Structures are given as C-alpha cells and as structure tokens.
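The lines below spell out each chain.
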Amino acid sequence: QTIGGAVATATHGSSMRYGSLSSQVVEIAAVLANGTLATFSAASDPHLFKAFGVSAGRLGIIVKLKMTIIPQQAISRSKQDLTLARFADQVTATQEAYKAAKAAKDNLAVQKALFSVHETQALWLVERDTLWRVDYQHLFKEPEEVLENLNFSMDPTMHSFSGPNDQTVFAQATKAPLRANAAMTTNPAYWGVVYSAGAQTYVRPGTFETRKAYMSVTEATTRISTTLAPYIQMEVAIPLEIAGTCLKEVNKVVYGRGSQVSRDFRNPALIRFVSGEPFYLSPTHGGPRMYVNIEDWLTLSGTPNKGYDQVLKTFRGPKCQGRLHWGKGGWPEYASCFDGATEYPDSWCHFGCAVQTLDPYAKFEGVGADRTAVWTWNATRNGTVVPFDTCCTDTGFSPECTCASRTDCHA
Ligand SMILES: Cc1cc2nc3c(=O)[nH]c(=O)nc-3n(C[C@H](O)[C@H](O)[C@H](O)COP(=O)(O)OP(=O)(O)OC[C@H]3O[C@@H](n4cnc5c(N)ncnc54)[C@H](O)[C@@H]3O)c2cc1C
C-alpha cells in the first residue's frame, strides 16, 4: 500500500471525527494527463480538491501529499463479547438516535449519537456467531506516561502480533495459483477456533500508544494469510441511517432458520464507522457510514462461495445500500454496470466535471473503462439529454442540469 493509493481510495479510518485518511490531506500535488504538475488545496480550488481528495486514480498521479498529523497518545482499548444480533441492536439504537437528532436539527444530539460509535470497531467471527466490539478511550496523556499492561517487545514475533513493527517486513511475493488448504475447505468449525485464537491478540483490553492501540493487519498475519489461507477482501459502506436495520437483515441471512451461510465463512469480518466527507467519491460522501469488510477464502481456489455471495449481495441490496470500497475487491462482480448517478447521487457528476477539466481525453480511464464502464456520466437539462460537458462549470456540475442514470444498464 502506498500513501497515494490509500488517499485515492478513501482507505482506512475508523472515526466519527477524523473520517478516512483522505480527510487528513491538506494539499495534493499531482501529475496531470497533459504532463503538467499541479497543486490542489481546499483554499486554492475547492471543487477540484473535493475531486482529488478521493480520485480512484481517475484524475492524475498523486506525487506529493501534505497531511495533518496528530501526536501519539495513550489509549485504552476495551472489549465486549456479543453476537451479531446484539451488536445489531446497539447499532440500531445509534441509528435511531442519529435520525431523531437530525430530524430535530439538534446538532448536539447528532454529535452525541455519532460519539456512541466514534472509533468503535467490531471483529465478527462469522462461523461462531461471536462478535467482539472494541472501543477506545483517549487518556489525554503522552504514551510515555502510561506503561503498557503487557510488554512483548523482547520477542519480535509476539511484537509483530501485538502491533505494527517496522523491523519485520516480509517479502510478499505469492506463488500462483493461490489455493485454500484442504483443512480449511472441509472443517469450518476448526477454522473458527483457529481464527478466533489468532484474532484475540488484536483485541485484548489494555492501554497502549496510539499506533498499537488500533487494530491493523501486521506483517506476520499478512504472511500467514497469503501463504496458508489466501482471501479476497471486499468492503461496503452502509449509511448510518440504516446500519442497524441492515445488520438485522444480514443476521437473518446468516443465522436465520435453516441457513447454512455461516459455514461459508472462515476469516473474521471487520466493522468500523467513518464520518461523512466532502470528497465526491468518498463512500461517506453525504453522511456517516458503517463499513463492513468481509473476506472470501474460497473463490480464489476456483470454487464459487455461495454463502459469501449471498451476504455481499445483501450488503449491496436495498436494505443496506452499501457502496463498494474503491481499493478492495468486488469490482466488477458486485458493481457490474455501475451507475454512479444512483450510487453517488449528489456528487457523481461533480466528479465527472473534474474529469472533463483534468483528463478530457480519458488517459486515466484504466480498467474502469472495460470491466464495468464505471466512468460514465450523463446529463439532462429540462428533461432533455444534453452533452455532459455543457453542464460543467468552474465550480462543478451546473445546478441547471440533472445528473442522469445510465440507460444502457436498464435495458
Ligand atoms: C491486506 C490488505 C489489507 C487492507 N486493509 C485495509 C483496511 O484496513 N482499511 C482500508 O480502508 N483498506 C484496506 N485495504 C485496501 C488498501 O489499503 C487500499 O486499496 C490501498 O491503500 C491502495 O493503495 P495501493 O498503493 O496498494 O494502491 P493500488 O491498489 O495500486 O491502487 C488503488 C487505486 O488507487 C489509485 N492510485 C494508486 N496510487 C495512486 C497515486 N499515486 N495517485 C493517484 N491514484 C493512485 C489506482 O489507480 C487505483 O485506482 C487493504 C488492502 C490489503 C491488500
């Protein structure tokens, strides 16, 4: 992962205050399609900055980023043992409080509702119907003032399990073809035990410096996963207004009467909450969302994973309305005939206008062109279809035009 790629895809973040990594960007320098180097900031060009803040590689090549940083702190991590159904109840309570506060235009109550899941994460062990909710509390102290309650730093292996370790970076060349091992294929319950044992180290309660407090995939885990248990990772971002309702629906699909769906999962899923962002292509454009990351351990071996497919379709369906993460899998299988005007109704055509300005000859169209035709923009004016560029102004998509859906998909 590069910092340019992470920002281009609205990657990372688990906060109702700080958004994704893109929200920390102050200035972006990029090489454009015409070969020039340009710099964008919120002050110099708010429209193009909102486009470049999450660009999915469609606008140019980011070569330099200026970002805000926050000093390390001491952070306490706590854990609750739940089931998906109980977590869905908690999220529904947040969802309802948020909706009521918004309807009442009560900003303080909105903040309170958001704070109830600020930095909350959950590891959902699907096969076992176990969910660990993890919350973080800032102690407003320097890390040096707080002793970690356990210190594994003498043992490099344990250290790499307990948090990021810059000294242990493995080569990640993988041998094709990637296949799930036989034990994994035949024995989901066994792997449920293996994964829950492995994941315990990520969630044990305690007080840590910031960088170790938050969950992150370590080098050791990545190496084990890529060699022993390769997977494809997909992530969806669900509006907070329906997040609890969505989880209840997923609970029905996975654990409802007669369902065998949980048997098709091995790796734990990760749930996190991210505040709304102004960037046109941020999955949280328009308001806060709950992200759910699920992993498919089977399809890489050439066998379709039916249960996984059912769950991903539920997340992408009407009850959840999940937007796909730009930097993960699922394209084009779960976004075939992607209709940006439906998925990003308030911002898709603003981004299209930025493309018209910065890349009029579609040099950066890339794989999005042939695999999903994702980069498609249509406009109407007074109900009549008009050339898209006639609706673009210096500040984005003209309010006199309507950002129209693709028609080729509905045929
Ligand atoms: C093991 C693993 C764990 C992950 N964990 C998380 C996670 O916890 N949270 C999360 O949100 N995501 C996660 N991801 C997704 C991943 O972090 C992002 O997809 C990644 O950061 C993209 O960076 P990259 O450099 O690999 O970009 P690439 O995969 O090379 O590119 C991704 C997109 O960004 C564009 N891009 C890349 N570099 C630039 C640039 N310099 N300028 C403009 N556009 C550019 C590309 O054109 C492409 O569209 C994970 C991915 C993996 C493989």
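Given the structure is predicted, the values throughout are model-derived calculations rather than measurements.

### Here's the deal with the overall build of the protein chain
Broken down by element type, the protein chain carries 14 helices and 16 strands. The C-alpha atoms of the protein chain give 22 Å as radius of gyration, which agrees with the globular expectation for 411 residues (22 Å, within 12%). With the C-alpha coordinates of the protein chain rotated into their principal frame, the extents come out at 60 × 50 × 50 Å. Among the 411 residues that make up the protein chain, the fraction classed as buried is 51%.

### A short note on the sheet that holds strand E2 (residues 37–41)
Read across the open sheet, the 3 strands follow the order E2-E1-E3; overall the sheet is antiparallel. Strands with a single pairing partner mark the edges of an open sheet, and in this sheet they are E2 and strand E3 (61–67). Geometrically, the sheet is characterised by an average inter-axis angle of 20° between neighbouring strands, direction not taken into account. Pairing of strand E1 (residues 25–31) with E3 involves 6 bridges; the strand directions are antiparallel. Paired with Ala30 across the two strands is Ile62, which belongs to E3.

### Remarks on the domain arrangement of the protein chain
Along its sequence, the protein chain is organised into domain 1 (1–70), domain 2 (74–324) and domain 3 (336–411). The distance between the C-alpha centroids of domain 1 and domain 3 comes to 21 Å. The interface is formed by 16 residues belonging to domain 1 together with 15 residues belonging to domain 3. Approximately 1,300 Å² of surface area, both sides summed, lies buried where domain 1 meets domain 3, with 71% of it carried by carbon and sulfur atoms. The three residues of domain 1 that bury the most area against domain 3 are Ala33, His47 and Arg58, which together make up 56% of that side's buried surface. In this assembly, domain 1 and domain 3 are joined by 1 salt bridge. Arg58 is the partner of Asp359 in a salt bridge, and the nearest nitrogen-oxygen pair spans 2.5 Å. For the pair domain 1 and domain 3, the interface holds 2 residue pairs in polar contact (both at pLDDT 80 or more). By residue number, the principal contributor to the side of domain 1 that touches domain 3 is helix H2 (residues 46–52), which donates 4 residues.

Thresholds, definitions, all that
Residues numbered from 1 in each chain as written. Predicted model: local features only at pLDDT ≥ 70, side-chain atom pairs only at ≥ 80, totals over all residues. Heavy atoms only, no water. Helix = DSSP H or I, 4+ residues; strand = E, 2+ residues; numbered from the N terminus. Rg over C-alpha atoms; globule rule 2.2 N^0.38 Å. Buried < 20%, exposed > 50% of the residue type's maximum accessible area, 1.4 Å probe, protein only. Pairing = 2+ DSSP bridges. Axes fitted to C-alpha atoms, helices over the stretch in contact; angles between N-to-C directions. Domains from an automatic or database assignment. Contact = heavy atoms within 4.5 Å. Buried area = accessible area lost by both parts, 1.4 Å probe. Salt bridge = Lys/Arg side-chain N within 4 Å of Asp/Glu carboxyl O. Polar contact = N/O pair within 3.5 Å; in protein donor to acceptor, adjacent residues only side chain to side chain.

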